[in-house]
Structure formats: C-alpha cells, structure tokens
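Notes for the structure review
Chain by chain, the residues run as shown.
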Amino acid sequence: MTGRARDTVYVALLRGVNVGGKNNVSMAALKKTFEALGLQDVRTYINSGNILFRAAGTDARALERRIDRLLEKDHRLASKAVVRSETDMARLVKAIADVWKRNPQWKYNVMFLRHTVDSPRVLDGITLKPDIERAVYRHGTLLWSARVSALSRTAMLKLVGQPLYQEMTVRGVNTTRKILDLMRQMNEMQRSRVR
C-alpha cells in the first residue's frame, strides 16, 4: 500500500533489538508487524531496529505506545520505541553539524530520549568529565561525545545501570544522518507519485 500525500514519514528507533545476541528478531518480521499496525511504506535500515514508515497524524507518542504494545505481543520484546518525524530528524542533524566538529580521536553518539525523560535536566546527577567527554541536550536527544582513548573512564558509563538508560536508545552519528537521508528519499518518492 502506498502512502497518501498528507502522511508523515517517521522512523521508529527500537531499543536493544539484535544487540549482543539478545532480543533477536528479523527485520522482515518487524516490517510485517509495522504493516499490521496499518503503517505504510514500511522499510528497515540495518539490523539494529531502525524502521522507517509513513503514517497519518502527528502524534509520535501514540505511535510509540502502539508499537511498544505490538512488539510485546508479536515478538515478546520489552523493547521501547522512540519515534521521530522527518522534521525532527532534520532539526537534529542540523544541530549535530552546529555542535560537533568531527575529530577522529573522538566518538560521537546520538542518544534518543523517550518523551518520558526528555528534558534539559536529563543529566542532573551525572557529573561529566569535561576533559574526556561532552554532552549537549537538544530537544529529544543528548549529543554525547568522548575521547576514544578514554571511553572506559567516562561518566556516561554510569548510565548503563540506571533506569534512565532504559528510556533511551543510542545511534551513531553516521546512522543518524543516513536515516534522515532515507526519510527524505521516501518523501521525494511520494511527491513524484503524486505529481
């Protein structure tokens, strides 16, 4: 089924899918699950739970709840989805270009926050080590970077064992940019079909 011109392109970023041999589910099965929700033009990108789709409406939170329920029902995954629109992703990629000046001695990660923890105060209680790491809040995300040689000494490692970590999903900067490129391609394909 093809999308309608008024539909919005979204990406669902699934937390902890196909990582470290856990929560294994094929991208083909995830695609079918998303289609069962009535989402359109569903496609996946790499094997780590990036699902692009088109949907009517603009309520990302409602989409997250629907996706979470169906992932639990169909795949027994307690994974949590973070849903972003193409507009959200474009704003984020622009922020990345403004905040980060690429340096091969640093690692760059985009930490996508669920709506439940999305706040400029999300890192309260975590004292970053400014000589080896940086984190910048942008709506819906933390842009975290650290010296490659010091990754094991960063304060952000403390997040892994905290409840906050369960409310986010992490993607590399290149994956984040590629997802936006794919979303833009989906919109361009839809516009050419409507003409």
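For the structure itself, consult the block above.
Residues numbered from 1 in each chain as written. Predicted model: local features only at pLDDT ≥ 70, side-chain atom pairs only at ≥ 80, totals over all residues. Heavy atoms only, no water.

Here we come to the sheet that holds strand S2 (residues 40–45). Across the sheet, four strands lie side by side as S2-S3-S1-S4; this open sheet has antiparallel pairing. Edge strands, defined here as strands with exactly one partner in the open sheet, are S2 and strand S4 (81–85). Taking each pair of neighbouring strands and ignoring which way they run, the sheet shows an average axis angle of 20 degrees. Direction of pairing for strand S1 (residues 8–14) relative to S4: antiparallel, over a ladder of five bridges. For Leu-14, the partnering residue across the bridge sits in S4 and is Ala-81. This element, helix H2 (residues 60–75), spans S1, strand S3 (50–55) and S4 of the sheet and lies at about 145 degrees to S4. Seen against the sheet, helix H3 (residues 86–99) touches S1 and S4 and runs at an angle of roughly 85 degrees to S4. (Pairing = 2+ DSSP bridges. Helix = DSSP H or I, 4+ residues; strand = E, 2+ residues; numbered from the N terminus. Axes fitted to C-alpha atoms, helices over the stretch in contact; angles between N-to-C directions. Contact = heavy atoms within 4.5 Å.)

Taken together, the side chains of Arg-61, Arg-65, Arg-66 and Arg-69 present a region of like positive charge at the surface. Among the secondary structure elements, Arg-61 is positioned in helix H2. You can call Arg-61 partly exposed: its relative accessible area is 46%. (Patch = residues over 30% accessible without salt bridge, like charges linked within 9 Å, V, L, I, M, F, W, Y side chains within 5 Å. Areas by Shrake-Rupley, 256 points an atom, 1.4 Å probe, with all protein chains shown as cover. Salt bridge = Lys/Arg side-chain N within 4 Å of Asp/Glu carboxyl O. Lys, Arg positive; Asp, Glu negative; His and termini not counted. Charge placed at Lys NZ, Arg CZ, Asp CG, Glu CD. Buried < 20%, exposed > 50% of the residue type's maximum accessible area, 1.4 Å probe, protein only.)

The next subject is the environment of Val-110. Residue placement: Val-110 occurs in strand S5 (residues 106–113). On a C-alpha basis, the gap between Val-110 and Trp-144 in space is 6.3 Å, while along the polypeptide they are 34 residues apart. What Val-110 contacts, discounting residues up to four positions off in sequence, is Leu-92, Ile-96, Trp-100, Thr-141, Leu-142, Leu-143, Thr-169, Val-170, Arg-171, Val-173 and Thr-176.

Pairing is antiparallel in the open sheet, where four strands are placed in the order S6-S7-S5-S8. Each end of this open sheet is capped by a strand with a single partner; those strands are strand S6 (133–138) and strand S8 (168–172). Between one strand and the next, the sheet's axes are offset by a mean angle of 25 degrees, whatever the strand orientation. As paired elements, S6 and strand S7 (residues 141–147) share six bridges and run antiparallel to each other. Pairing of Arg-138 across the sheet is with Thr-141, part of S7. Together, S5, S6 and S7 form the strand contacts of H3, whose direction differs from that of S7 by roughly 30 degrees.

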